[in-house]
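Each chain, letter by letter, is given below.
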Amino acid sequence: MTDLRPPILSLSAAELETWLAEHDAPAYRRKQVWTWLARGATTFDAMRDVPRSLREAMEREFRATSLRPVAVSEADSGLTTKTLFELDGGHSVEAVVMRYTERSTLCISSQAGCPIGCPFCATGKFPFGRNLKAHEIVEQAVDAARVLAAEGRRLSHVVFMGMGEPMANYDSVVDSVRRLADPELLGISPRRIVVSTSGLIPRITQLSEENIPVTLAISLHAARDELRDVLVPINRKYPVRDLVDTAQAYAGKTGRRVSYEWVMLAGVNDTERDARELGLLLKGKHAHVNLIPFNPVDDTPYRAPERAAIRAFRTLIDAQGLNVTVRDTRGREADAACGQLHERVMRNDQAAVS
Ligand code: SF4
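Residues numbered from 1 in each chain as written. Predicted model: local features only at pLDDT ≥ 70, side-chain atom pairs only at ≥ 80, totals over all residues.

Moving on, we come to the overall build of the protein chain. Along the protein chain, the regular secondary structure elements total 11 helices and 12 strands. Considering only residue pairs separated by 6 or more positions, the protein chain has 67% of its internal contacts joining residues 24 or more positions apart. (Helix = DSSP H or I, 4+ residues; strand = E, 2+ residues; numbered from the N terminus. Contact = placed C-beta atoms within 7 Å.)

Bringing the environment of Arg154 into the picture now. By the element assignment, Arg154 lies in the loop between α4 (134-149) and β7 (157-160). Sequence separation between Arg154 and Asp245 is 91 residues; the distance between their C-alpha atoms is 36 Å. If near-sequence neighbours (up to four positions away) are discounted, Arg154 is found in contact with Ser104 and Leu148.

Here we come to unusual backbone geometry. Not every positive phi belongs to a glycine, and Asp76 is a case in point at roughly 50°. Tracing the backbone through its elements, the reader meets Asp76 in the loop between β1 (68-75) and β2 (80-86). Given 17 C-beta atoms within 10 Å, Asp76 falls into the partly exposed group. Positive phi values are uncommon outside glycine, yet Ser77 reaches one of about 55°. Note that Ser77 resides in the loop between β1 and β2. (Buried ≥ 20, exposed ≤ 12 C-beta atoms within 10 Å, placed from the backbone.)

The strand order across the open sheet formed by 10 strands is β1-β2-β3-β4-β7-β8-β9-β10-β11-β12, and the pairing between neighbours is mixed. Strands at the two margins of the open sheet, each flanked by one partner only, are β1 and β12 (323-326). When strand polarity is set aside, the average angle formed by the axes of neighbouring strands in this sheet is 20°. Looking at chain direction, strand β8 (residues 193-197) and strand β9 (residues 215-219) are connected through 4 bridges and run parallel. Across the sheet, the residue bridging to Val194 is Thr215, located in β9. (Pairing = 2+ DSSP bridges. Axes fitted to C-alpha atoms, helices over the stretch in contact; angles between N-to-C directions.)

Let's shift gears to the confidence of the model for the protein chain. Confidence in the prediction of the protein chain, expressed as mean pLDDT, is 91, and 92% of residues score 70 or more. Confidence drops under pLDDT 50 across residues 348-354; counting only partners more than four residues distant or on other chains, this segment forms 11 contacts. (pLDDT = per-residue confidence, 0-100.)

Here the focus is the domain arrangement of the protein chain. According to the domain assignment, the protein chain consists of domain 1 (8-61) and domain 2 (68-352). Computed from C-alpha atoms alone, the centre-to-centre distance between domain 1 and domain 2 is 33 Å. Contacts between domain 1 and domain 2 engage 9 residues on the former and 12 residues on the latter. Classifying every residue of the side of domain 1 that touches domain 2 gives 4 nonpolar, 3 polar and 2 charged. (Domains from an automatic or database assignment. Nonpolar A, V, L, I, M, F, W, Y, C, P; charged D, E, K, R; others polar.)

A word on the pairing of β12. Examined bridge by bridge, strand β11 (residues 287-293) and β12 share 4 bridges and lie parallel to one another. The partner of Leu291 across the bridge, within β12, is Val326. Between the parallel elements β11 and β12, the chain passes through helix α10 (residues 307-319) in a crossover that is right-handed. (Right-handed = clockwise from strand over helix to strand, strands pointing away.)

Okay, the pairing of strand β10 (residues 258-264) next. It is a general feature of regular strands that their side chains alternate between the two faces of the sheet. Of all the 7 residues making up β10, 7 are buried; the element is thus mostly covered by neighbouring parts of the structure. Both faces of β10 are covered, namely the face carrying Val258, Tyr260, Trp262 and Met264 and the face carrying Ser259, Glu261 and Val263. One crossover worth recording links β10 to the parallel β11 by way of helix α9 (residues 272-282), and it is right-handed.

Near the ligand you find 13 residues, and of these Cys114, Ile116, Cys118, Cys121 and Gly124 are the closest. Here the shell around the ligand is built from residues that sort into 6 nonpolar, 6 polar and 1 charged. (Near = placed C-beta within 6 Å.)

With that settled, the discussion passes to helix α6 (residues 201-208). Where α6 is concerned, the buried positions are Arg203, Ile204, Leu207 and Ser208. Buried residues in α6, looked at end-on, bunch into an arc of 145°, giving them a common side. Turning to α6, the residues buried within the fold contact α5 (170-181), β8, β9 and α8 (240-254). (Arc of directions from axis to C-beta.)

The next thing to look at is the environment of Trp19. Turning to its location among the elements, Trp19 is positioned in helix α1 (residues 13-22). For Trp19, a count of 18 C-beta atoms within 10 Å puts it in the partly exposed group. Considered as a pair, Trp19 and Met58 are 39 residues apart in the sequence and their alpha carbons are 9.7 Å apart.

For the rest of this paragraph, the subject is the nonpolar core. Membership of the largest hydrophobic core comes to 92 residues, with the highest contact counts inside it found for Leu106, Ala141, Leu216 and Val289. When residues in this core are grouped by element, the largest group, 7 residues, is from α4. In this view, Leu216 contacts Val195, Ile204, Ala247, Tyr250, Arg256 and Val258; residues no more than four positions away in its chain are not counted. (Core = buried A, V, L, I, M, F, W, Y, C linked by C-beta atoms within 7 Å.)

Moving on, we come to α10. A rise of 1.5 Å per residue sets the reference length of α10, with its 13 residues, at 18 Å; its end C-alpha atoms lie 18 Å apart and thus fit the reference within 8%. Downstream of α10 by one or two residues, Gly321 has phi in the positive range, about 85°. (Expected span 1.5 Å × (residues − 1).)

Further remarks concern the packing of α4 against α5. Contact geometry of α4 with α5 gives a least axis separation of 8 Å together with a crossing angle of 40°. As the angle between them shows, α4 and α5 are arranged oblique. The two elements α4 and α5 meet at a crossing, and its hand is right-handed. Residues Ala134, Ile137, Val138 and Ala141 of α4 touch α5, and the partners they reach there are Ser172, Val173, Asp175, Ser176, Arg179 and Leu180. Taken together, the residues of the contact of α4 with α5 break down into 6 nonpolar, 2 polar and 2 charged. (Parallel < 35°, antiparallel > 145°, perpendicular 65-115°, else oblique. Left-handed = near helix turned anticlockwise from the far one by under 90°.)

Written out as structure tokens, the structure is:
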């Protein structure tokens, strides 16, 4: 039966304080509730310093979360875990937790599906579902914080690189970033939050005015329009040079270096010509290039380059004076390219899902 109670995080701080006042409770109880959620409480009953009558009232009126985990996969000896959550209304999204020595990073989804339709992407292959609400984005982070807290870890970084185009769900994404950064909830510094985009230029400009200095990541993948029109179809509307100009204006305004993401596709965008074009496009820019070896997706014609080709490409970028790294390929066994766990579950391939 559908649970009609609203999730507690769908209320803003002011709305929850109003509800508390209506129940003769002081406003500081709101902070206590948020602290418990950030610490991993999954029930109101677990919030021990909140009076029992108030816990019971919350239980009657709210849910602690709206996300229902329906599948989990693991890779890298448990250092990477991917969870598929069902949302209210039936769509599902993925969130990936990656554990490193110094940090723990969550890759978060902002839409169920994605309207951009990049041909190499698992998410782009199935029909667009809907935008996530801000609380559904925040709840992914609260769940990750809970999982990590049980391991003695703290969620330190969030990247909006899961399912969806964050800038196509702008208001909810910005609202969720503010709440992720709120010291009374998760307290993740905006500098440790990366918002990626395939290139919605007006929204990048808008983001630069928000006074939340998140790191901007541009999913570039090609430096010439002719190729980028194919790999990232939004390029037909917002061409690559205009995009880079806008991203650099963001860097100028926020002081944050822009990260340019480049999924490496063998024989498609890993040639010497591509490296030279990329070098020219970003020459003298406050920029970082992140090369991402392609994580193979079924039913696409693309494949990952050999290691030697990745090294050669990196050397060419480096030689042109750009800051460049190769991202580690975390989570190959965890279906970690966005949309892959969803696709596998949709195919009922339960053998891959624990
Ligand atoms: S790569 Fe990103 S923008 Fe492109 S279809 Fe996939 S989720 Fe959407």
